[in-house]
Amino acid sequence: MKQAIFTVVSNNKIAEGVYKMILNGDTSAITAPGQFVNIKLSGFFLRRPISVCDYDEKTLTLIYKTVGGGTEKMSGLNPGLCLDLLVGLGNGYDMSKSGERPLLIGGGVGVPPLYNLCRRLVEQGKRVTVILGFNSRNDVFFEEEFKSLGAEVHVATADGSWGEKGFVTDVMKKIDSTYFYACGPEPMFRAIDKIAATSGQFSFEERMGCGFGACMGCSCKTLTGNKRICREGPVMEREEILWED
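Analysis parameters
- Residues numbered from 1 in each chain as written.
- Predicted model: local features only at pLDDT ≥ 70, side-chain atom pairs only at ≥ 80, totals over all residues.
- Heavy atoms only, no water.
- Phe/Tyr/Trp six-rings, centres within 6.5 Å; stacked < 30°, edge-to-face > 60°.
- Helix = DSSP H or I, 4+ residues; strand = E, 2+ residues; numbered from the N terminus.
- Buried < 20%, exposed > 50% of the residue type's maximum accessible area, 1.4 Å probe, protein only.
- Salt bridge = Lys/Arg side-chain N within 4 Å of Asp/Glu carboxyl O.
- Pairing = 2+ DSSP bridges.
- Axes fitted to C-alpha atoms, helices over the stretch in contact; angles between N-to-C directions.

**A short note on the packing of aromatic side chains**
A complete count under the given rule lists eleven aromatic pairs for this structure. Judged by centre distance (4.6 Å) and plane angle (40°), the ring pair of phenylalanine 189 and phenylalanine 202 falls under tilted. Taken as a pair, phenylalanine 189 in helix α5 (residues 186-195) and phenylalanine 202 in strand β12 (residues 200-204) lie far apart in primary sequence, 13 residues in all. Residue phenylalanine 202 is classed as buried on the basis of its relative accessible area, which comes to 0%. An aromatic cluster of at least three residues, connected via ring pairs, comprises Tyr115, Phe134, Phe141, Phe142 and Phe146.

As structure tokens, this is what we get:
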């Protein structure tokens, strides 16, 4: 983890209530796809945890949805503004387990952290398939961006207004893969766990207090006891998770 000052380069709406923010700053603390940053906003006591969509040596791309006062304020931040970030938080995806045909499954705002993962797996020569799940056409984003990386992309919408009608699991049943990586809401994870034919990793979305393991406010039951989403996660192995009824 590293505290650093980043400058907003751009901050634009890309779907219904969804924004893409690009910042410049020191990204050296980010070591794996699936990690997140914690943003300090004036007027708010707690920082806002946002997953990393993509990054290079000095550029950070974040995608977030306006779901409360903090993210609503973020949507109004203008280029040139400086932000205080905690960078390189959490444990990311382990790419060594992907096999030759990894499957990436994203639901809603769980899509962004899969982008950097996809880019890096493609660079390794993997044949990547991506399933993006949304409620409707107005919610869809990054379909073309994943395609431009060279991945096979499927979109599922609950109302059938774009792509295939249904859920990510409906598409998942038709795809042969060696391993899966998923990010999204917990009900989606439970549905994936019931039908997945391979091992995989889930990246949990969870409300966090401190964001670095001090408050124990976010946790997940596992075979070895409770694990903090912000510290031992957000990525967890499929086999270690104990789903509660």
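**Describing the pattern of salt bridges**
Once the charged atoms of two side chains with opposite charge are near each other, the side chains can pair. Per the stated rule, a full pass over the model turns up twelve salt bridges. Two residues, lysine 126 and glutamate 100, come together in a salt bridge whose shortest N-O distance is 3.3 Å. Here lysine 126, found in the loop between α2 (113-123) and β8 (129-134), pairs with glutamate 100, found in the loop between β6 (82-89) and β7 (102-107); they are 26 residues apart in sequence, far enough to count as distant. Residue classification places glutamate 100 among the partly exposed residues on the basis of a relative accessible area of 43%. Salt-bridge contacts for glutamate 164 lead to lysine 174; the nearest nitrogen and oxygen are separated by 2.9 Å. Of this pair, glutamate 164 sits in strand β10 (residues 164-165) while lysine 174 sits in the loop between α4 (168-172) and β11 (179-184), and the two are ten residues apart along the sequence. Linked by salt bridges that have partners in common, Asp54, Arg119 and Glu123 make up one network.

**A closer look at the side chain of serine 136**
Position of serine 136 relative to the elements: it lies in the loop between β8 and α3 (143-149). Residue classification places serine 136 among the buried positions, given a relative accessible area of 16%.

**Let's talk about the sheet that holds β6**
One key point about sheets: their strands pair by backbone hydrogen bonds, in either a parallel or an antiparallel sense. Spatial strand order, β1-β2-β5-β4-β3-β6: six strands in a closed barrel with antiparallel pairing. Going across the sheet, the axis of each strand differs from the next one's by a mean of 45°, ignoring polarity. With four bridges connecting them, strand β3 (residues 36-40) and strand β4 (residues 48-55) associate as antiparallel partners. Looking at β4, one finds that phenylalanine 36 is bridged to serine 51.

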